[in-house]
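# Fold and geometry: a report
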Amino acid sequence: MNTEYQKKIAAEKATNEIRPGMVVGLGTGSTVYYALLKIGTLVKDGLDIVGIPTSEGTEKIATAQGIPLSTLSTHPKIDLTIDGADEVALRLNLIKGGGAALVREKIIANASQRILIVVDESKCSQVLGTNFPLPVEIIPFGWEATQKAVNQFCGSSTLRGGEEQPLVTDNGNYILDCDFSPVGGITEPAKVEMALNNLPGVVENGIFVNRADKVIVGTASGIRSMEKDS
Ligand code: 5RP
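Only a predicted model underlies this, so the values are computations on that prediction, with no experimental measurement involved. Along each chain, numbering runs from 1 in the same order as the chain's sequence is written. The model is predicted, so local features are restricted to residues of pLDDT at least 70 and side-chain atom pairs to those at 80 or more, both for listing and for counting; the totals for chains, interfaces and linings are taken over all residues. As a convention, hydrogens and water are excluded, and side-chain values are obtained from all of the structure's heavy atoms.

## Concerning the site of the ligand
- Consider each residue's heavy atoms; a residue with any of them within 4 Å of a molecule or strand counts as near. Not every one of the 17 residues close to the ligand is listed here, only the nearest: Ser 30, Thr 31, Asp 86, Gly 97 and Lys 123.
- Polar contacts, as used here, are pairs of N or O atoms within 3.5 Å; protein pairs need one atom able to donate a hydrogen and one able to accept it. Residues neighboring in sequence count only if both atoms are side-chain atoms. Here an oxygen atom of the ligand and a side-chain polar atom of Lys 96 are 2.9 Å apart.
- Among the residues making up the shell around the ligand, the classes are represented as four nonpolar, eight polar and five charged. Side-chain classes follow a simple rule in which Ala, Val, Leu, Ile, Met, Phe, Trp, Tyr, Cys and Pro form the nonpolar group, Asp, Glu, Lys and Arg form the charged group, and the remainder, Gly included, forms the polar group.

Next comes the structure, spelled out in structure tokens:
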């Protein structure tokens, strides 16, 4: 089964946990896309839910699928969030932000009772940061100084989009993609998450520690699920 099919079966499986009346956090990315299509079909068939999108991109897709949307101001508690990840390591620690939505994704995660992560098998690793560079959202003002400070934690980082045309997030910020592989990955994710967020200029980083309740992995031989504390 190819990667696209693995994403689809994982995402569709996650939608089985949606119940009528739920407030559902809608993640961002090409895997969650399949969940949005499925949720759209369920809504057309009469499922009564509201979704809270994690990005402007997801908002557009969800609207096109006819999914009723709300905001965290109206619905501060989310029953279930379905989101993707760029890397899943031991203890279900995650790297997120490949789609530049990490700030809103972490805010939504924080407000969620239950979080399901959907990935294909290429996303799984032993040590976080060995499979994917860590995205760190920073404010544009003085970004070079912030990059210098961030680089003390990793081998090196690059400004997403390049200096001539940096990518600008939904929040008006830049992203640094930080390569932790020269330092053996992120062996103490909780510490690194906090330390990076403590640097002036850093808005948030893509390390998600102890947040996923379940990771649903689409593999070449079907679906494999990993539960928190299992
Ligand atoms: C966006 C994210 C995505 O969930 C992550 O990048 C996975 O995306 P995809 O399913 O396209 O691989 O964190 O900020």
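## As for the nonpolar core
- By nonpolar core is meant a set of buried Ala, Val, Leu, Ile, Met, Phe, Trp, Tyr and Cys residues that side-chain atoms within 4.5 Å join together. The rule is simple: take the accessible area with a 1.4 Å probe, protein chains only, and divide by the maximum for that residue type; under 20% is buried, over 50% is exposed, in between is partly exposed. Core analysis: the biggest nonpolar cluster contains 22 residues, and Ile 18, Leu 26, Ile 39, Ile 49, Ile 67, Ile 82 and Val 118 have the highest contact counts within it.
- With six residues, the single largest contributor to this core is helix α2 (residues 32–44).
- Between two residues, a contact is recorded if the distance between any of their heavy atoms is within 4.5 Å. Leave out the neighbours within four places in its chain, and Ile 39 touches Thr 15, Ile 18, Leu 26, Ile 49 and Ile 67.
- In this structure, Val 150, Leu 176, Cys 178 and Val 192 belong to the second largest nonpolar core, which totals 20 residues. The way it works is that DSSP assigns letters per residue, a run of H or I at least four long becomes a helix, a run of E at least two long becomes a strand, and they are numbered from the N terminus.

## A short note on the domain arrangement of the protein
- Here the domain parsing of the protein yields domain 1 (3–124 + 209–227) and domain 2 (134–204).
- Residue ranges labeled as domains rest on an automatic or database domain assignment. Using C-alpha coordinates to define each centre, domain 1 is positioned 24 Å away from domain 2.
- Facing the 15 residues of domain 1 at the interface are 15 residues of domain 2.
- Throughout, buried area stands for the accessible area (probe radius 1.4 Å) lost by two parts on being put together, summed over both. Summing both partners gives a buried area of about 1,200 Å² for domain 1 against domain 2, and 58% of it is carried by carbon and sulfur.
- Each salt bridge in this description consists of a side-chain nitrogen of Lys or Arg and a carboxyl oxygen of Asp or Glu lying within 4 Å of one another. Close ionic contact of Lys 106 with Glu 204 constitutes a salt bridge, the shortest N to O distance being 2.9 Å.
- At the junction of domain 1 and domain 2, the tally comes to seven residue pairs in polar contact (both at pLDDT 80 or more).
- The element best represented in the side of domain 1 that touches domain 2 is helix α4 (residues 102–110), accounting for four residues.

## Let's talk about the pattern of salt bridges
- This model, assessed by the stated rule, comprises twelve salt bridges.
- With a shortest N-O distance of 2.6 Å, Glu 193 and Lys 106 are connected by a salt bridge. One end of the pair, Glu 193, is in helix α6 (residues 189–197); the other, Lys 106, is in helix α4, with 87 residues separating them in the sequence.
- Look at Glu 193 and you get buried, because its relative accessible area is 11%.
- Each of the salt bridges in this network shares a partner with another, and the network as a whole consists of Glu 17, Arg 114, Lys 214 and Glu 227.

## Here we look at the sheet that holds strand β11 (residues 207–208)
- Read across the open sheet, the three strands follow the order β4-β5-β11; overall the sheet is antiparallel. Single-partner strands in this sheet number two, and they are β4 (87–88) and β11. A pair of strands counts as paired when DSSP detects no fewer than two bridges linking them.

## What to know about the side chain of Lys 106
- In this structure Lys 106 comes out as buried when scored by relative accessible area, which is 5%.
- Those residues within four positions of Lys 106 in sequence are excluded, and the remaining contacts are Glu 193, Glu 204, Asn 205, Ile 207, Phe 208 and Arg 211.

## Description of the sheet that holds strand β1 (residues 23–26)
- In space, the six strands of this open sheet follow the order β2-β1-β3-β6-β12-β13, with mixed pairing throughout. At either margin of the open sheet sits one strand with a lone partner, and together these are β2 (50–53) and β13 (222–227). Between one strand axis and the next, the sheet turns by 20 degrees as a mean value, whatever way the strands run.
- Note that strand β12 (residues 214–219) and β13 share six bridges and pair antiparallel. Angles shown run from 0 to 180 degrees and are taken between the N-to-C directions of axes, each axis being a line fitted to C-alpha atoms and, for helices, limited to the stretch in contact.

## Re the packing of aromatic side chains
- Ring geometry is summarised as follows: Phe, Tyr and Trp rings, the Trp one being its six-membered ring, pair when their centres sit within 6.5 Å, and such pairs are stacked at plane angles under 30 degrees, edge-to-face over 60 and tilted between the two. Considering all chains together, one arrives at one aromatic pair under this definition.
- Aromatic pair Tyr 33 and Tyr 34: ring centres 5.8 Å apart, planes at 70 degrees, arrangement edge-to-face.
- Only when the NZ atom of a Lys or the CZ atom of an Arg is both within 6 Å of the ring centre and within 35 degrees of the ring normal do we say a charge sits over the ring. Between the NZ or CZ atom of Lys 96 and the centre of the ring of Phe 208, over which it lies, the distance is 5.7 Å.
- Cation over ring: Arg 211 sits above Phe 208, and NZ or CZ is 6.0 Å from the ring centre.

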